[in-house]
Amino acid sequence: MAVKKHTAEILKRLDETYGMEQICYLNHDNAWQLLIATILSAQCTDARVNIVTKDLFVKYDSLEKFAAADYEELKQDIHSIGFYQNKAKNIIACAKRIIEEFGGEVPSSLEDLTSLAGVGRKTANVIRGNIFHDPSIVVDTHVKRISKRLGLTKQDDPYQVELDLMKELPKDHWISYNMQIITFGRQICIARSPKCAECFLADLCKVKGK
């Protein structure tokens, strides 16, 4: 794949600053824990999810226990997380389907993953990348916002952003780019107050200072 000079320079600086190690910020010991943690992470910080799952994964230490969970009780267990009502319902339904349709094993294909309750492309790609090491691009708020600032996409729809990045980035950088941009977005290119004066990508940014 021929990489544009602009894109290649962005990736070079990201690699030099953050490395290419694949880091997952959601605490988990296995595939189903990461799946549930990722469902919980929608519209919520990873830090908050990790606080909740610390006790949650002790109380529900198997997929079967989540499948058999009482809805009202699970709601209370995760009530400090946004949209906890829908998430509780989806987690129970998701766990049941994995047991009934996939033999208790989290599936690996995008089609199968997105057939699960509460699982969209973003969540599916987190699982594909972190569990199955299948190159995938996770478009969260950081990736969408910063990719636009860097001129790697002009789209607002996450799916279209994903398609643009798949064309723009070499496949061996898909997963590492996710991790790098999330870190970059939390430390430097902060949504409400970007630290442009400290940014090592400032000269490559299309909206510097805005």
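Each chain carries its own residue numbering, running from 1 in the written order of its sequence. For a predicted model such as this one, the threshold for reporting local features is a pLDDT of at least 70, and the threshold for listing and counting side-chain atom pairs is 80 or more; totals across whole chains, interfaces and linings nevertheless cover every residue. Excluding hydrogens and water, the side-chain values take into account all heavy atoms of the structure.

### Quick look at the overall build of the protein
To keep it simple, the criterion reads: Helix and strand labels come from DSSP, where a helix needs a run of H or I of at least four residues and a strand needs a run of E of at least two; each type is numbered from the N terminus. It is over C-alpha atoms that the radius of gyration is taken, and the globule rule equals 2.2 Å times the number of residues to the power 0.38. Burial status follows relative accessibility: with a 1.4 Å probe on protein chains alone, a residue under 20% of its type maximum counts as buried, one over 50% as exposed, and anything between as partly exposed. Contacts are assigned to residue pairs that have any heavy atoms within 4.5 Å of one another. Under this rule, positive means Lys or Arg and negative means Asp or Glu; His and the chain ends count for nothing. In this description, the location of a charge corresponds to atom NZ of lysine, CZ of arginine, CG of aspartate or CD of glutamate.
From N to C terminus, the protein includes 11 helices and 0 strands. Traced from its N-terminal end to its C-terminal end, the protein shows the element sequence α-α-α-α-α-α-α-α-α-α-α. A globule of 210 residues ought to have a C-alpha radius of gyration of about 17 Å, and the protein, at 18 Å, matches this closely. Oriented by its inertia axes, the alpha-carbon framework of the protein measures out at about 55 × 35 × 30 Å. Taking all 210 residues of the protein together, the buried fraction comes to 45%. A sequence separation of at least 24 residues applies to 59% of the contacts in the protein between residues at least 6 apart. Of the side chains in the protein, 29 bear a positive and 28 a negative charge, and the two mean positions are spaced by 9 Å.

### A short note on the pattern of salt bridges
As a reminder of what qualifies: For this document, the term salt bridge refers to a Lys or Arg side-chain nitrogen within 4 Å of an Asp or Glu carboxyl oxygen.
As enumerated under the stated definition, the model contains 12 salt bridges in all. For K12, the salt bridge identified is with E16, shortest N-O distance 2.9 Å. Highlighted residues: K12 and E16, both in helix α1 (residues 5-18), separated by 4 residues, approximately one helical turn. A salt bridge links D61 to K65, with the nearest nitrogen and oxygen atoms 2.9 Å apart. The exposure class assigned to D61 is partly exposed, which follows from its relative accessible area of 44%. Classification of K65 as partly exposed rests on a relative accessible area of 40%.

### Quick notes on helix α10 (residues 158-168)
What counts here: The reported arc concerns the directions from the helix axis to the C-beta atoms and nothing else.
Within α10 the residues assigned to the buried category are V161, E162, L165 and E168. Relative to the axis of α10, the buried residues are bounded by an arc of 130° and lie together on one face.

### Regarding the packing of aromatic side chains
Counted only if it meets this: Under the pairing criterion, centres of Phe, Tyr and Trp rings, with the six-membered ring standing for Trp, must be within 6.5 Å; the plane angle then separates stacked pairs below 30 degrees from edge-to-face pairs above 60, leaving the rest tilted. By definition here, charges over rings are those cases where NZ of Lys or CZ of Arg is within 6 Å of the ring centre and within 35 degrees of the ring normal.
Inspection of the entire model under this criterion finds 6 aromatic pairs. The interplanar angle of 80° and the centroid separation of 5.8 Å between the aromatic rings of W32 and F57 together place this pair among those described as edge-to-face. Separated by 25 residues along the polypeptide, W32 in helix α2 (residues 31-40) and F57 in helix α3 (residues 46-59) bring together distant segments of the chain. Classification of W32 as buried rests on a relative accessible area of 12%. Members of the aromatic cluster, connected to one another through ring pairs, are W32, F57, Y60 and F66. One cation-aromatic arrangement involves R186 over Y25; the distance from NZ or CZ to the ring centre is 4.7 Å.

### Observations concerning the nonpolar core
Soluble globular proteins: nonpolar side chains tend toward being buried together. Here is the rule: Residues enter a nonpolar core if they are buried and are Ala, Val, Leu, Ile, Met, Phe, Trp, Tyr or Cys, with the set joined through side-chain atoms within 4.5 Å.
Among the nonpolar cores identified, the biggest contains 36 residues, and L35, L40, L56, F66, L74 and V106 are the most heavily contacted of them. Tallying contributions element by element places α2 first for this core, with 8 residues.

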